[in-house]
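This is what each chain is made of:
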Amino acid sequence: MRYYVISDVHGYYTQMKSALEKAGFFSDTTPHKLIMLGDLFDRGHEAKQLQQFILEQMEQDKIILIRGNHEDLFVELVTTDAGMPYSYHKSNGTYDTALQLTGFDPVMSIRHYDFADAAKDTPFYKEIIPAMLDYFETEHYVFTHGWIPSIPNRDKSYSYISSWREADREQWNQARWFNGMDAAQTADENKTIVCGHWHTSYGHSKYEHKGTEFGEDADFSPYYGPGIIAIDACTAFSGKVNCLVIED
């Protein structure tokens, strides 16, 4: 099977579509699927277009969805917090995504329970999020968002857990926030882990000594390291989406 893999689109539908076109996703006549490694929304302003695209791929059984930390933030906003955004819901773009998908006007007086109900009625909440997996596995690869469940240490290193496939909900919620490029340094997994969440310029700068994280010399291309391929291009900053094409 051929897999087209993208991550952290963050509502930038145009950039995502351009990356998929360049990689040949739409013209591919062989069996293939799209893998999206979470964080679908919360930066760009094309949430509705992206939502419709994902629904179409789901109808055709051409997509595998991995849950990211921003999906967790959306669920938290409309359930635990009943539509009342905290500052981090606004700074992370979650509140704006809910406004885009519901059509609510932030200038008007919003009754938060009506807002929460409308957000719960969106296809994103009702269909897309429930279809998301913590990870997807093939013969040679594991696809996830931040990293697989591990033990974070005080020195920002991570201790590998061989039984990560048996992790509970809390462990996966935590793992979606991990920096995979750091965690890969001490991992002992026999498959390559493909992840997003953390901008790839971090790995190029820290481990390859290539450029800075956000300067003119920053490299947002996929980061390849021992046991890891990281692909978050930090689209809001770089203006592009990375797309891997993997046969497995």
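See the structure printed just above.
This write-up is about the structure you can find in this document. (Residues numbered from 1 in each chain as written. Predicted model: local features only at pLDDT ≥ 70, side-chain atom pairs only at ≥ 80, totals over all residues. Heavy atoms only, no water.)

## Details of the environment of Tyr207
Next up, step 1: For Tyr207, the position within the fold is in helix 10 (residues 200-207).
Next up, step 2: A relative accessible area of 27% places Tyr207 in the partly exposed class.
Next up, step 3: Separated by 164 residues in sequence, Tyr207 and Arg43 place their C-alpha atoms 27 Å apart.
Next up, step 4: In this structure Tyr207 touches Met181, Asp182, Gln185, Tyr202 and Tyr223, once residues within four positions along its chain are discounted.
Next up, step 5: Within polar-contact distance, the side chain of Tyr207 engages the side chain of Asp182 at 2.5 Å. (Helix = DSSP H or I, 4+ residues; strand = E, 2+ residues; numbered from the N terminus. Buried < 20%, exposed > 50% of the residue type's maximum accessible area, 1.4 Å probe, protein only. Contact = heavy atoms within 4.5 Å. Polar contact = N/O pair within 3.5 Å; in protein donor to acceptor, adjacent residues only side chain to side chain.)

## Section: the side chain of Asn92
Next up, step 1: The topology assignment puts Asn92 in the loop between helix 4 (87-91) and helix 5 (94-102).
Next up, step 2: Residue contacts for Asn92: discarding those within four places in its chain leaves Asp42, Arg43, His70 and Leu73.

## Considerations on the sheet that holds strand 10 (residues 228-230)
Next up, step 1: Pairing in this open sheet of five strands is mixed, and the strands run 4-5-8-10-9 from one edge to the other. Taken across any chain shown, the strands that pair with only one partner, and hence form the sheet edges, are strand 4 (135-137) and strand 9 (223-225). Mean inter-strand twist for the sheet, computed between neighbouring axes without regard to direction, equals 15 degrees.
Next up, step 2: Bridge analysis of strand 5 (residues 141-144) against strand 8 (residues 192-195) gives three bridges, and the strand direction is parallel. Along strand 8, the bridge assignment pairs Tyr141 with Thr192. (Pairing = 2+ DSSP bridges. Axes fitted to C-alpha atoms, helices over the stretch in contact; angles between N-to-C directions.)

## A short note on the pairing of strand 1 (residues 2-6)
Next up, step 1: For strand 1, a buried count of four out of five residues is recorded, marking the element as mostly surrounded by other parts of the structure.
Next up, step 2: By the bridge criterion, five bridges tie strand 1 to strand 2 (residues 32-36) in an arrangement that is parallel. By the bridge assignment for strand 2, Ile6 is matched with Met36.
Next up, step 3: Taken together, strand 1, helix 1 (residues 13-23) and strand 2 form a β-α-β motif whose crossover is right-handed.
Next up, step 4: By the bridge criterion, four bridges tie strand 1 to strand 11 (residues 244-247) in an arrangement that is antiparallel. (Right-handed = clockwise from strand over helix to strand, strands pointing away.)

## What to know about helix 10
Two residues of an α-helix separated by three or four positions point the same way, owing to the 3.6 residues in each turn.
Next up, step 1: Inspection of helix 10 places Thr200, Ser201, Tyr202, Gly203 and His204 among the buried residues, and these make up the whole buried set.
Next up, step 2: Check the buried side of helix 10 and you find it contacts helix 9 (180-183), strand 9 and strand 10.
Next up, step 3: Two residues or fewer past helix 10, His209 is found with a positive phi of approximately 60 degrees.

## Looking at the environment of Ser159
Next up, step 1: By the element assignment, Ser159 lies in strand 7 (residues 158-159).
Next up, step 2: As a C-alpha pair, Ser159 and Thr186 span 27 residues in sequence and 6.5 Å in three-dimensional space.
Next up, step 3: Only 3.2 Å separates the side chain of Ser159 from the side chain of Asn153, close enough to count as a polar contact.

## A word on the packing of aromatic side chains
Next up, step 1: Applying the stated criterion to the full structure yields 21 aromatic pairs.
Next up, step 2: Between Tyr3 and Phe136, the aromatic rings sit 5.8 Å apart at their centres with planes inclined by 65 degrees, giving edge-to-face as the arrangement. A residue pair is termed long-range when its members are at least 10 positions apart, and Tyr3 in strand 1 and Phe136 in strand 4 qualify at 133 residues.
Next up, step 3: Among the residues examined, Tyr3 registers a relative accessible area of 8% and is labelled buried. (Phe/Tyr/Trp six-rings, centres within 6.5 Å; stacked < 30°, edge-to-face > 60°.)

## Focus on the nonpolar core
Next up, step 1: Core analysis: the biggest nonpolar cluster contains 34 residues, and Met16, Leu34, Met36, Leu40, Leu50, Phe53 and Ile54 have the highest contact counts within it.
Next up, step 2: Top element by residues in this core is helix 2 (residues 47-59). It accounts for five residues.
Next up, step 3: Membership of the second largest hydrophobic core comes to 18 residues, among which are Met181, Ala183, Tyr202 and Tyr223. (Core = buried A, V, L, I, M, F, W, Y, C linked by side-chain atoms within 4.5 Å.)

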